[in-house]
Amino acid sequence: MLPAPAHAVSLLRDARLARSTRPFLARGGSRRVHCPGCRLVTSHCMCLLRPQVATRAGVCLLMHDAEPLKPSNTGWLVADVVADTHAFGWARTEADPALLALLSDPQRQPYVVFPGEFADPARVVHAVEPGARPLFVLLDATWSEARKMFRKSPYLDRFPVLSLEGGEASRYRLRRSRRGGHFCTADVAAQCLDLAGEGVAADALQDWLDVYSERYLLAMHQRPVDEASAAHVRLQTLME
Ligand SMILES: [Zn+2]
């Protein structure tokens, strides 16, 4: 069990907790002790396996209200692996000045990651331009919340919309990562990193997500960790 990493999502969670007037109760929350570092029950802690990869590309998570508090949120895993991760709470009526400053950084090219079929076709792209450092803006929310966030964030309207359905690399990753018909935030971030030519970071994030998902389920069913599982072996091999 390790202390919580001071990364973008854990800091956002702390700020969100400080603002809540009543304790957040996770759905199906157990009384077992959870590690503040990885959020798993302590018997299934994975903190010591955490990979960290330097990237040129950045990730900006726009998180819907309670998202940073959910134990199953995978934006947290993105912040674990990718140091250049930024996280902001989304509000309909205002935008965080730090978010606006990040989006205006001339060194970066923001992309709003969203399905192209829901965007103005003139904005839709399927690849990352070489040159400026890409900043992938991910709407971390349920699908219906994300659609609302996409429509009601005018400060995002000037950026291209990166639609992940095209491209060979993304199709490969889609096959590998589709879970129950939708992608979680960490899956989407891994696909973006892959498109940006950050293959090692993409693989590290995908493997980290796989190890997390596996341990999460094993903990739920009160079964022991399997350090020899395919996901563990992939992560360890990648980090050697
Ligand atoms: Zn842990």
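Residues numbered from 1 in each chain as written. Predicted model: local features only at pLDDT ≥ 70, side-chain atom pairs only at ≥ 80, totals over all residues. Heavy atoms only, no water.

Examining the pattern of salt bridges
Working definition: two side chains of opposite charge can pair if their charged atoms are close together.
Turning to step 1, where the next piece is worked out: Enumeration according to the criterion identifies eight salt bridges in this entry.
Turning to step 2, where the next piece is worked out: The closest approach of N and O atoms between Asp84 and Arg133, which form a salt bridge, is 2.9 Å. Residue Asp84 is found in the loop between α2 (75-81) and β2 (85-89), and its partner Arg133 is found in strand β5 (residues 133-140); the two are separated by 49 residues along the sequence.
Turning to step 3, where the next piece is worked out: By relative accessible area, Arg133 is classed as partly exposed at 27%.
Turning to step 4, where the next piece is worked out: As a salt-bridge pair, Asp207 and Arg234 come within 3.1 Å of each other at their nearest N and O atoms. Here Arg234 lies in helix α8 (residues 230-239) and Asp207 lies in helix α7 (residues 199-220), a separation of 27 residues in the sequence.
Turning to step 5, where the next piece is worked out: Accessibility expressed as a relative area gives 3% for Asp207, which makes it buried.
Turning to step 6, where the next piece is worked out: Owing to a relative accessible area of 35%, Arg234 belongs among the partly exposed residues under this scheme. (Salt bridge = Lys/Arg side-chain N within 4 Å of Asp/Glu carboxyl O. Helix = DSSP H or I, 4+ residues; strand = E, 2+ residues; numbered from the N terminus. Buried < 20%, exposed > 50% of the residue type's maximum accessible area, 1.4 Å probe, protein only.)

Considerations on the pairing of strand β1 (residues 58-63)
Turning to step 1, where the next piece is worked out: Along β1, six of the six residues are buried, which leaves the element largely enclosed by surrounding structure.
Turning to step 2, where the next piece is worked out: Residues of β1 alternate between two faces, with Gly58, Cys60 and Leu62 on one and Val59, Leu61 and Met63 on the opposite face, all of them buried.
Turning to step 3, where the next piece is worked out: Pairing between β1 and β5: six bridges, direction parallel. The residue bridging Leu61 from the neighbouring strand is Leu138, located in β5. (Pairing = 2+ DSSP bridges.)

Observations concerning the coordination of the zinc ion
Turning to step 1, where the next piece is worked out: Each protein donor to the zinc ion is listed here as Cys35 (SG), Cys38 (SG), Cys45 (SG) and Cys47 (SG); together their distances run 2.3 to 2.4 Å.
Turning to step 2, where the next piece is worked out: If you look at the zinc ion, its four donor atoms make angles of 102 to 115° with each other, and the shape they trace is tetrahedral.
Turning to step 3, where the next piece is worked out: Every donor residue of the zinc ion comes from the same chain, spaced as C-x2-C-x6-C-x1-C. On the criterion of sequence distance, the pair formed by Cys35 in the loop between α1 (8-19) and β1 and Cys47 in the loop between α1 and β1 is long-range, its members being 12 residues apart. (Donors = N, O, S within 2.8 Å, 3.2 Å for Na, K, Ca; no water. Tetrahedral: all angles 85-135°; square planar, octahedral: opposite > 155°, others 65-115°.)

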